[in-house]
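# Fold and contact review
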Amino acid sequence: MTVLPAVHVIKAAILSFDEFAISKEGIEKILTMVPTEEEKLKIQEAQLANPDVPLGTAEHFLSSLASISALTPRLQLWAFKLNYEALEKEIADPLFDLKLGMEQLALHQDLQEDPGHAPRHWKLPQ
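I will try to describe carefully the structure that is included in this document.

Cut-off values and rules
Residues numbered from 1 in each chain as written. Predicted model: local features only at pLDDT ≥ 70, side-chain atom pairs only at ≥ 80, totals over all residues. Heavy atoms only, no water. Helix = DSSP H or I, 4+ residues; strand = E, 2+ residues; numbered from the N terminus. Buried < 20%, exposed > 50% of the residue type's maximum accessible area, 1.4 Å probe, protein only. Contact = heavy atoms within 4.5 Å. Areas by Shrake-Rupley, 256 points an atom, 1.4 Å probe, with all protein chains shown as cover. Axes fitted to C-alpha atoms, helices over the stretch in contact; angles between N-to-C directions. Parallel < 35°, antiparallel > 145°, perpendicular 65-115°, else oblique. Left-handed = near helix turned anticlockwise from the far one by under 90°. Nonpolar A, V, L, I, M, F, W, Y, C, P; charged D, E, K, R; others polar.

This part is about the overall build of the protein. Within the protein one finds five helices and zero strands. Listed by position from the N terminus, the elements making up the protein come as α-α-α-α-α. Here the protein holds 126 residues, and the buried ones make up 17% of them. In the protein, the proportion of contacts linking residues at least 24 apart, taken out of those at least 6 apart, comes to 63%. Surface exposure of the protein reaches about 9,600 Å², of which carbon and sulfur atoms provide 59%.

A separate point is the packing of helix H1 (residues 7-16) against helix H4 (residues 57-66). Interhelical geometry of H1 versus H4 gives an angle of 15° and a closest axis separation of 10 Å. Here H1 lies roughly parallel to H4, going by the angle between them. Judged by the sense of rotation from one axis to the other, the crossing of H1 with H4 is right-handed. On the side of H1, the interface is formed by Val 7, Ile 10, Lys 11 and Ile 14, while H4 contributes His 60, Phe 61, Ser 64 and Leu 65. Its residues assigned to classes, the contact of H1 with H4 shows five nonpolar, two polar and one charged.

The structure is reproduced here in structure tokens:
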């Protein structure tokens, strides 16, 4: 279970993309909690109808999230940014291995054409 920080920390972290305040799992969890337009409207109506009654914890949380402009795109971009490095490594490592293999293959073919330059411990096919 992902534990989220305090509401004011979440808002500041989202606005500044602070990956030390909220983990990737936290971002994904918040994405599932983004308030709908109907929820935003009901919270506003409740505040107007009872201005002296403080919001409950859940309503305060949703209201705080709703106050962040472009919340969903921000969270999606942030999640992509955090995934990008892992995805890049996942793609780049095999490509680097392929490049090394191709270089070794080219070297091997060069050595077959001129075996006099191969180290003595190498056994080249005849």
